Amino acid sequence: MIVMVYGFTGRYAGASELEWNAPEAGALHRAMLFLRQDEERDAFDLAQAECARFGFDEITDLRCGRLQVDVLDTDAYRGFAGFYEEALSKGSALLYYPN
């Protein structure tokens, strides 16, 4: 299993299927989706569906990259380790940047 990271901008609609520390409904945010996948490939349809489960719509600027696990040991990326672990165990994790 690998974790792919999808960056995007989207609106939090407020209707989440998942319990998480969500932003205020109606707010537009940049965000990162950590998505567990079987193979290293862009799966934009799957990523958009997962963003919707987290309550995001109006997704723009969706882009994808593979998470290089070794960077999680560096000071600059250590904070992302929890999102990586959550994606491995639960299938996905989402981080949004408050405006």
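Look above for the structure.
Below, the structure is looked at part by part.

Conventions used here
- Residues numbered from 1 in each chain as written.
- Predicted model: local features only at pLDDT ≥ 70, side-chain atom pairs only at ≥ 80, totals over all residues.
- Heavy atoms only, no water.
- Buried < 20%, exposed > 50% of the residue type's maximum accessible area, 1.4 Å probe, protein only.
- Helix = DSSP H or I, 4+ residues; strand = E, 2+ residues; numbered from the N terminus.
- Pairing = 2+ DSSP bridges.
- 1 Å grid on protein atoms, 1.4 Å probe; cavity = no way out; pocket = protein on both sides within 12 Å on 5 of 7 lines; lining within 4 Å.
- Points joined across faces, edges and corners; volume = space filled by probe spheres on them.
- Nonpolar A, V, L, I, M, F, W, Y, C, P; charged D, E, K, R; others polar.
- Salt bridge = Lys/Arg side-chain N within 4 Å of Asp/Glu carboxyl O.
- Contact = heavy atoms within 4.5 Å.
- Polar contact = N/O pair within 3.5 Å; in protein donor to acceptor, adjacent residues only side chain to side chain.

**Details of the pairing of strand S1 (residues 2-12)**
Piece 1. The element S1 is largely enclosed, with a buried count of 10 among its 11 residues.
Piece 2. By the bridge criterion, 7 bridges tie S1 to strand S3 (residues 56-66) in an arrangement that is antiparallel. Note that in S3 the partner of Tyr6 across the bridge is Cys64.

**Some words on the layout of surface pockets**
Piece 1. Here the largest pocket is characterised by a volume of approximately 170 Å³.
Piece 2. Lining the largest pocket, in full, are Leu18, Glu19, Trp20, Glu50, Arg53, Phe54, Phe83, Glu86, Lys90, Ser92, Ala93 and Leu94.
Piece 3. Of all the secondary structure elements, the ones that give two or more residues to the lining of the largest pocket are helix H1 (44-53), helix H2 (81-90) and strand S4 (92-97).
Piece 4. Along the lines of polarity and charge, the residues of the lining of the largest pocket split into 6 nonpolar, 1 polar and 5 charged.

**Some points on the pattern of salt bridges**
Pairing between side chains becomes possible if they bear opposite charge and their charged atoms approach one another.
Piece 1. The final tally for this structure, using the stated rule, is 6 salt bridges.
Piece 2. Salt-bridge contacts for Glu40 lead to Arg66; the nearest nitrogen and oxygen are separated by 3.2 Å. Of the two residues, Glu40 is situated in the loop between strand S2 (28-37) and H1 and Arg66 in strand S3; the sequence distance between them amounts to 26 residues.
Piece 3. Accessibility expressed as a relative area gives 39% for Arg66, which makes it partly exposed.

**Notes on the pairing of S2**
Piece 1. Burial of S2 is extensive: 7 of the 10 residues sit out of reach of the surface.
Piece 2. In the sheet, S2 pairs with S4 via 6 bridges, with the strands oriented antiparallel. Note that in S4 the partner of Ala31 across the bridge is Tyr96.

**As for the environment of Trp20**
Piece 1. Tracing the sequence through the fold places Trp20 in the loop between S1 and S2.
Piece 2. Taking the C-alpha atoms as reference, Trp20 lies 9.5 Å from Ala93; in sequence the two are 73 residues apart.
Piece 3. Not counting residues within four places of it along the chain, the set of residues in contact with Trp20 comprises Tyr12, Phe54, Phe56, Leu94 and Tyr96.
Piece 4. At 3.3 Å, the side chain of Trp20 and the side chain of Ser16 are in polar contact.

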